[in-house]
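Per-entry structural report
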Amino acid sequence: MIEWVSLSAGARPVPRPVATPLVWAAAFGGALLLVALLNALVGTDRPAFALTALSLLAALLGGRARFTAAPGTAALCWLFLNGFAIPPAGTLSWAGHRDTFWLTCLLAAALIGTAAARLAHARAAYRRVTAGVGTAGVGTAANDGADVIRNDP
């Protein structure tokens, strides 16, 4: 008789992404802190530093987020970049090519962070599952998180 046995008592092979509202809250708070820190240290006349820092923040947040969180993360980072990292502070403006480029950089950073994390998690899960099947055999504790077919005669 063939019976499906779930061995998910251990760690899941691929971690679940963080909820999108939580990622957006972290983007809001992180962007606020980064822009305030950069304004205090560098000033508002160098938006390239702020763009770089916010792009790194978007990539880091993308590492634990879903792909659907990337546009919101990029938009929140852009709002703080545009509103507080360039003069006049506190005023949103749209300068065609510059803001399009900034939004593109922030969105690309969030998407690249998410894609890199998904690939790394999938690769690690594949190694855990194939290492468990190849060395310990089917139906052992080394297959945590994988579904296994057990054949009992």
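Here, the structure is the one placed above.
Conventions used here
Residues numbered from 1 in each chain as written. Predicted model: local features only at pLDDT ≥ 70, side-chain atom pairs only at ≥ 80, totals over all residues. Heavy atoms only, no water. Helix = DSSP H or I, 4+ residues; strand = E, 2+ residues; numbered from the N terminus. Expected span 1.5 Å × (residues − 1). Buried < 20%, exposed > 50% of the residue type's maximum accessible area, 1.4 Å probe, protein only. Core = buried A, V, L, I, M, F, W, Y, C linked by side-chain atoms within 4.5 Å. Contact = heavy atoms within 4.5 Å. Salt bridge = Lys/Arg side-chain N within 4 Å of Asp/Glu carboxyl O.

Some points on helix α2 (residues 47-62)
For α2, built from 16 residues, the straight-helix expectation of 22 Å at 1.5 Å per residue is met to within 8% by its first-to-last C-alpha distance of 22 Å. What α2 keeps buried is the set A50, L51, A53, L54, S55, L57, A58, L61 and G62.

Some words on the nonpolar core
Side chains of a nonpolar character, in soluble globular proteins, are inclined to be buried together. In this structure, A31, L54, L57, C77, L81, W102 and L106 are the most contacted members of the largest nonpolar core, which totals 22 residues. Taken together, the elements giving at least two residues each to this core come down to α1 (20-41), α2, α3 (70-84) and α4 (96-135). Those residues in contact with A31 that lie beyond four places of it in its chain are A26, L54, L57, C77 and F80.

Topic: the pattern of salt bridges
Counted according to the given criterion, the structure contains one salt bridge. The salt bridge partner of R98 is D99, with a shortest N-O separation of 3.4 Å. On the accessibility criterion, D99 (0% relative accessible area) is buried.

A closer look at the environment of G90
Tracing the sequence through the fold places G90 in the loop between α3 and α4. The sequence separation of G90 and F80 amounts to ten residues, and the corresponding C-alpha distance is 9.0 Å. The residues contacting G90, other than those within four sequence positions of it, are G83 and F84.

Comments concerning the side chain of T114
Relative to the helices and strands, T114 is located in helix α4. By relative accessible area, which is 1% here, T114 ends up buried. Excluding its chain neighbours within four sequence positions, the residues that come into contact with T114 are G62, G63, A65, R66 and F67.

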